[in-house]
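Next come the chains, spelled out residue by residue.
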Amino acid sequence: MTQHVKESFGGSAGPAAPPAPAALAAKVRTLAPSMTRSMQRVAEAVAGDPAGCAALTVTGLAELTGTSEATVVRTARLLGYPGYRDLRLALAGLAAQQQSGRAPSVTADIAVDDPIADVVAKLAYDEQQTLADTAAGLDTAQLGAAVAALAAAGRIDVYGIGASGLVAQDLVQKLLRIGLIAHAHSDPHLAVTNAVQLRTKDVAIAITHSGSTGDVIEPLRVAFEHGATTVAITGRPDGPVTQYADHVLTTSTARESELRPAAMSSRTSQLLVVDCLFVGVAQRTYETAAPALAASYEALAHRHHPRGGTKR
C-alpha cells in the first residue's frame, strides 16, 4: 500500500492568501456554525458593521462584543487573516464597497404565505449571492492544483450522497464527454471497493456540504491511503473530510430556512465549483477535449433533430 506523506492535513498547494474584502461575509456565513459562541459574536459584528469595526482597535472590538483580545485575534485567523491588522484593512475595503452602492448581503427568508413573485425574487437573489460568495472565497491556487491533477489523471472517482450525489454525477458526465475515465459513486460500499483500486496517478473527489458525511469521507480516506490525489468540495473547510484532502475547495451557501434546506442552497455553489473544474481541465487538455466534445455532440445530434421532420 502506498501512503501519502504530507506536512499537514488539508491541502498541499501552500498557504492561502488572505481573503479579499468581498469574501469576508461569505467566510463568516460558512465558518460561523463551527465557531465558539464568543467567536461568533466577533464574526457577526465585523460582517454586520464593517465600517464601525474597522475603526476599532483589537481592544475596542473585544469590548464591543463582550469577548477578549485573544478571541478577536483567533477569529481573525480563522477567517483567513494573519492578524487583526489585516482584518481591519479588509473591513475598511468592504465598507468602501458597501458605500459605493453594493446590494445588501442578507435577504429575508421565504415565508409560507409569500406570493410566488416574491419567492422567485428571493430565490434569485439568494442564488446570485451564493455564487458571488463562492467565487470570492474560492482558493484559486487549490483549484488550479486540482485541475492539474484531474487533467493528468488515469482514473477519476467522485463521491457524493443525496443532493451532492447529483453534483457528482454532473461532474462525471462532463468529464466523460472530454474523454476522461470518471465514475460517480453514491453507494458507499461500491465507493470504498473502487477506492481500494486507486493509485498515485488517479484522483478521488469527495463532495459534502457538511464536511462530515461518513459515507463520503470513508472512500476518500481509502483513496488517500492508497496514494491517489484527493480533493474535497465542502462548505466546511475545517470539517473531518479535509483530513484526507490534498486540495480543499470551499463552497458558500445561502442561509438555511424551513422552506430552503441546506441541500438546496449548497447545490448551487457546488455546481459552480464543478463547472470551474471542468472548464479548467478542458482548457488544459484542449487538443483532445475539443475533438471529444465534437464527437459526443455529433453522436447525439440525431436525438435533438429526429428524422421525419420537426414536431409542430
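As a reminder, the structure under discussion sits directly above these lines.
Just so it is clear, the structure is predicted and the values come from calculations on it, not from any experiment.

Asker: When you look at the overall build of the protein in this model, what are you seeing that I'm missing?
Answerer: Along the protein, the regular secondary structure elements total 13 helices and 5 strands. Looking at the 312 residues of the protein, the share that counts as buried comes to 44%. Relative to all contacts within the protein whose residues are 6 or more apart in sequence, the contacts with residues 24 or more apart total 73%. Here the protein displays about 15,400 Å² of accessible surface, and carbon together with sulfur accounts for 57% of that area.

Asker: Sorry if this is basic, but what is going on with the sheet that holds strand E2 (residues 182–185) here?
Answerer: Paired through backbone hydrogen bonds, the strands of a sheet run either parallel or antiparallel to each other. Strand order in the open sheet formed by 5 strands is E2-E1-E3-E4-E5, and the pairing between neighbours is parallel. Both edges of this open sheet fall to E2 and strand E5 (247–250), since each of them pairs with a single strand only. Averaged over all pairs of adjacent strands, the angle between their axes in this sheet comes to 15°, without regard to strand direction. Of the strand pairs in this sheet, strand E3 (residues 203–208) and strand E4 (residues 229–234) are connected by 6 bridges, and their pairing is parallel. Pairing of Ala-206 across the sheet is with Ala-232, part of E4. Each of strand E1 (156–160), E2 and E3 is contacted by helix H9 (residues 163–177), which is oriented at about 160° to E1, the strand it contacts most.

Asker: I keep staring at the packing of aromatic side chains and nothing clicks. Help me out?
Answerer: One pair of aromatic rings is described through two measures. These are the centre distance and the angle between the planes. All told, the structure shown has 1 aromatic pair when counted by the stated rule. The interplanar angle of 65° and the centroid separation of 6.0 Å between the aromatic rings of Phe-224 and Tyr-244 together place this pair among those described as edge-to-face. On the criterion of sequence distance, the pair formed by Phe-224 in helix H11 (residues 214–225) and Tyr-244 in the loop between E4 and E5 is long-range, its members being 20 residues apart. Given the relative accessible area of 6%, Phe-224 is considered buried. Here Tyr-244 falls in the buried class, since its relative accessible area comes to 18%.

Asker: Can you help me understand helix H6 (residues 84–99) in this one?
Answerer: Residues spaced three or four apart along an α-helix face the same direction, because each turn holds 3.6 residues. An ideal rise of 1.5 Å per residue puts 22 Å on 16 residues; H6 measures up with 22 Å between its terminal C-alpha atoms. For H6, the complete set of buried residues consists of Tyr-84, Leu-87, Ala-90, Leu-91, Leu-94 and Ala-95. On an axial view of H6, the arc spanned by its buried residues comes to 140°, and they lie on one face. Counted as exposed and oriented over 90 degrees from the buried face of H6: Arg-85, Leu-89 and Gln-99. Tucked inside the fold, the buried residues of H6 contact helix H1 (24–31), helix H2 (37–48), helix H3 (50–54), helix H4 (58–65) and helix H5 (69–78).

Asker: Teacher, can you tell me more about the nonpolar core here?
Answerer: When a protein is soluble and globular, its nonpolar side chains tend to lie buried together. Grouped together as the largest cluster of nonpolar side chains are 29 residues, with contacts concentrated most on Ile-156, Ile-205 and Leu-277. Those elements that provide at least two residues to this core are helix H8 (140–151), E1, H9, E3, E4 and helix H12 (262–284). One finds Val-42, Leu-61, Ala-76 and Leu-94 within the second-largest nonpolar core, a separate group that totals 22 residues.

Definitions and cut-offs
- Residues numbered from 1 in each chain as written.
- Predicted model: local features only at pLDDT ≥ 70, side-chain atom pairs only at ≥ 80, totals over all residues.
- Heavy atoms only, no water.
- Helix = DSSP H or I, 4+ residues; strand = E, 2+ residues; numbered from the N terminus.
- Buried < 20%, exposed > 50% of the residue type's maximum accessible area, 1.4 Å probe, protein only.
- Contact = heavy atoms within 4.5 Å.
- Areas by Shrake-Rupley, 256 points an atom, 1.4 Å probe, with all protein chains shown as cover.
- Pairing = 2+ DSSP bridges.
- Axes fitted to C-alpha atoms, helices over the stretch in contact; angles between N-to-C directions.
- Phe/Tyr/Trp six-rings, centres within 6.5 Å; stacked < 30°, edge-to-face > 60°.
- Expected span 1.5 Å × (residues − 1).
- Arc of directions from axis to C-beta.
- Core = buried A, V, L, I, M, F, W, Y, C linked by side-chain atoms within 4.5 Å.

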